Amino acid sequence: MLLVLLSGFALSQAYRTVTAIIAVALQTDFGLSPSSLGLFAGLFALTFGAVQLFMGVGIDLYGLRRTVLLTAPLSIVGAALSAWSPSYGWLLAGQALIGLGCAPAFLACTVFIARHFPAAQFAAVSGISLGLGGIGMLFTGSPLAWLVEHYGWRSGFATLGLLSALSWLLIAWKVHEPAPGAAAGPRQSWLSASREFGALMLQPYSWGILAMGLVTYASFLTLRGLWLGPLLMERHHWSLVASGHLALLVSLISLVGPGVFGRMDPGPLRRRRLLVTTTSIIALLYAALGLMHIGWLTVALIIAIVCISGGSALQYAHVRSSFPPEATGRAMALLTMAMFLGAALMQWLTGVLASWAVHHGWDPFAAVMLGIAAMLGLGALLFHTLPVSQRLGQAG
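Parameters and conventions
- Residues numbered from 1 in each chain as written.
- Predicted model: local features only at pLDDT ≥ 70, side-chain atom pairs only at ≥ 80, totals over all residues.
- Heavy atoms only, no water.
- Helix = DSSP H or I, 4+ residues; strand = E, 2+ residues; numbered from the N terminus.
- Rg over C-alpha atoms; globule rule 2.2 N^0.38 Å.
- Buried < 20%, exposed > 50% of the residue type's maximum accessible area, 1.4 Å probe, protein only.
- Contact = heavy atoms within 4.5 Å.
- Areas by Shrake-Rupley, 256 points an atom, 1.4 Å probe, with all protein chains shown as cover.
- Core = buried A, V, L, I, M, F, W, Y, C linked by side-chain atoms within 4.5 Å.
- Salt bridge = Lys/Arg side-chain N within 4 Å of Asp/Glu carboxyl O.
- Patch = residues over 30% accessible without salt bridge, like charges linked within 9 Å, V, L, I, M, F, W, Y side chains within 5 Å.
- 1 Å grid on protein atoms, 1.4 Å probe; cavity = no way out; pocket = protein on both sides within 12 Å on 5 of 7 lines; lining within 4 Å.
- Points joined across faces, edges and corners; volume = space filled by probe spheres on them.
- Nonpolar A, V, L, I, M, F, W, Y, C, P; charged D, E, K, R; others polar.
- Axes fitted to C-alpha atoms, helices over the stretch in contact; angles between N-to-C directions.
- Parallel < 35°, antiparallel > 145°, perpendicular 65-115°, else oblique.
- Left-handed = near helix turned anticlockwise from the far one by under 90°.
- Phe/Tyr/Trp six-rings, centres within 6.5 Å; stacked < 30°, edge-to-face > 60°.

(A) Structural view of the overall build of the chain. A tally of regular secondary structure across the chain gives 21 helices and zero strands. Radius of gyration (C-alpha) of the chain: 20 Å, near the 21 Å computed for a compact globule of 396 residues. With respect to the principal axes defined by its C-alpha atoms, the chain has extents near 65 × 45 × 35 Å. Per-residue burial for the chain yields a buried fraction of 58% across its 396 residues. For the chain, restricting intrachain contacts to residue pairs at least 6 apart in sequence, the fraction spanning at least 24 positions comes to 83%. When the accessible surface of the chain is totalled, it reaches about 15500 Å², and 71% of it is carbon and sulfur.

Dropping the structure here:
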């Protein structure tokens, strides 16, 4: 059942990284500025992240199977709308629907793991699941580049829509909820469940977790999902297919990284220090990526960033250690919301930075990468300095 649920997550990974390959084609067809391109890329993450709390409540109240099956068809409609879209406005509408349809994809997987696997295995299993979900990014490497080069960018959305329909059928066929226990109490209301999210926000240690969540995955998605193709094609004059090859390599690395970090999870307190260290290192690598214009060094820096970014998977284990067991599902939804709202914000802001740099005759990619580095540094600083859950000290 977990593998079938991961098929939906894999497709959401494909949707959120498609822009890196089709960006130049979209700019040509619709005359998009860098800021418009950033808005398009960020809209998926915005709609995805904005409804995470509702997805968390829905999973708790109605079960993950029903929540996924009721929501996922929106991504199929959104893919069809994107493939047909005659203008930029219709394209944005398609992206919004895709983000909504994919919203419960990863949360359903993490809740499934939390409910069906022992706590000691959570970091390892969730890390492996993150890696397997990254298979969706393989499509948005060389295969999508070839497809776009031969049949246009619309064919990519059409193909993803068909795969989403297949995933929905598999989930409907294979995934089943456990039978409710005899001692199960009355179903909680939407209002009371939503209030519990507010209670999580009142915990002082939530803010450091959210600050880190806003920037870590956002930095990876902004590079892999938006700027990777334009950076290679415009700064280093790579072809679309060659850029797709590097995107494929990056995706392969991202399959392995979360599982590796999950298996070497050092425990609650040392895990926190590891998250601060890896995020700070990634910030420095982004700064170097913005300032260095040497082709082979760009490739090396991108690979190093992706390798170390696998450590961000430990944030879910950190959440599980920080909150009481009864709040785990909602706390994970809160982190997922922060991660995707952060991705939307970062993709939009980097688009604005790129447009600003072009207007002033400066290198747009330097502005983008230095902006990402600054946001990562701020997130790591807040995570390090803001209060920590007392449960970490008890567990560590």
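(B) A look at the nonpolar core. Judged by nonpolar contacts, the single largest core of 127 residues is most densely connected at Ile-22, Leu-26, Tyr-286, Leu-289, Ile-302 and Met-369. Beyond its immediate stretch of four places on either side in the chain, Met-369 contacts Leu-223, Trp-227, Leu-231, Tyr-286, Ala-287, Leu-289 and Gly-290.

(C) Just the side chain of Arg-16, in detail. Along the chain, Arg-16 turns up in helix α1 (residues 2-17). The exposure class assigned to Arg-16 is buried, which follows from its relative accessible area of 3%. Among residues more than four places away in sequence, those in contact with Arg-16 are Phe-9, Phe-44, Phe-48, Tyr-217, Leu-221, Gly-225 and Phe-340.

(D) Local environment of the pattern of salt bridges. By the definition in use, this model includes two salt bridges. Here Arg-235 and Asp-363 are joined by a salt bridge, their closest N and O atoms 2.6 Å apart. A residue pair is termed long-range when its members are at least 10 positions apart, and Arg-235 in helix α14 (residues 206-235) and Asp-363 in the loop between α19 (328-359) and α20 (364-385) qualify at 128 residues. The partner of Asp-265 in a salt bridge is Arg-271, and the shortest N-O contact between them spans 2.8 Å.

(E) Structural detail: the environment of Trp-146. Relative to the helices and strands, Trp-146 is located in helix α11 (residues 142-151). According to the relative accessible area criterion, Trp-146 is partly exposed, its value standing at 43%. The spacing of Trp-146 and Trp-84 is 62 residues in sequence and 20 Å in space, taken between C-alpha atoms.

(F) Summary view of the environment of Ala-103. Mapped onto the elements of the fold, Ala-103 is located in the loop between α7 (88-102) and α8 (105-116). Here the alpha-carbon distance between Ala-103 and Trp-227, two residues 124 residues apart in the chain, equals 23 Å. When neighbours within four sequence positions are excluded, Ala-103 is seen to be in contact with Phe-48, Val-51, Gln-52 and Met-55.

(G) Layout of a nonpolar patch on the surface. Taken together, the side chains of Leu-3, Ile-128, Leu-132 and Ile-135 make up a nonpolar region of the molecular surface, amounting to roughly 360 Å² of accessible area. Position of Ile-128 among the secondary structure elements: in helix α9 (residues 122-133).

(H) Main features of the layout of surface pockets. Counted as a void, the second largest pocket has a volume near 270 Å³. Classifying every residue of the lining of the second largest pocket by side-chain character gives six nonpolar, three polar and six charged.

(I) Structural detail: empty space enclosed by the protein. Enumeration according to the criterion identifies six cavities of 30 Å³ or more in this entry. Counted as a void, the largest cavity has a volume near 290 Å³. Around the largest cavity, the lining is made up of 22 residues, and of these Leu-130, Tyr-217, Phe-220, Pro-258 and Ser-312 lie nearest the centre. For the lining of the largest cavity, the secondary structure elements donating two or more residues are α1, α14, α15 (240-263), α17 (295-309) and α19. A class-by-class count of the residues in the lining of the largest cavity yields 13 nonpolar, eight polar and one charged. The calculated volume of the second largest cavity comes to roughly 150 Å³. Gly-8, Ala-72, Gly-101, Ala-105 and Ser-167 are the residues nearest the centre of the second largest cavity, which is lined by 15 residues in total. Those elements giving two or more residues to the lining of the second largest cavity turn out to be α1, α7 and α12 (153-174).

(J) How the structure looks around the packing of helix α6 (residues 73-84) against α12. At their nearest, the axes of α6 and α12 sit 8 Å apart, and the two run at 165° to each other. When the axis of α6 is compared with that of α12, the two are roughly antiparallel. Between α6 and α12 lies a crossing of left-handed hand. Here Pro-73, Ser-75, Ile-76, Ala-79, Ser-82, Ala-83 and Trp-84 of α6 lie close against α12, whose contacting residues are Trp-153, Arg-154, Phe-157, Ala-158, Gly-161, Ser-164, Ala-165 and Trp-168.

(K) Structural view of the environment of Val-4. Position of Val-4 among the secondary structure elements: in helix α1. Separated by 118 residues in sequence, Val-4 and Phe-122 have C-alpha atoms that sit 18 Å apart. Not counting the four nearest positions on each side in its chain, Val-4 is found in contact with Leu-170, Ile-171, Lys-174 and Val-175.

(L) Molecular detail of unusual backbone geometry. In the Ramachandran plot, His-237 falls in the positive-phi region, its phi being about 60° despite a non-glycine side chain. Structurally, the position occupied by His-237 is in the loop between α14 and α15. Relative accessible area serves as the criterion here: at 66%, His-237 is assigned to the exposed category.

(M) Structural context of the packing of aromatic side chains. Summed over all chains, the structure comprises 13 aromatic pairs. Look at Phe-44 and Phe-48: their rings are 5.6 Å apart centre to centre, the planes differ by 25°, and that puts the pair in the stacked class. Taken as a pair, Phe-44 and Phe-48 lie in helix α3 (residues 34-50) at a separation of four residues, close to a single helical turn. On the basis of relative accessible area, Phe-44 is assigned to the buried category, the value being 1%. Taken together, a centroid distance of 5.3 Å and an interplanar angle of 55° make the contact between Tyr-217 and Phe-340 tilted.

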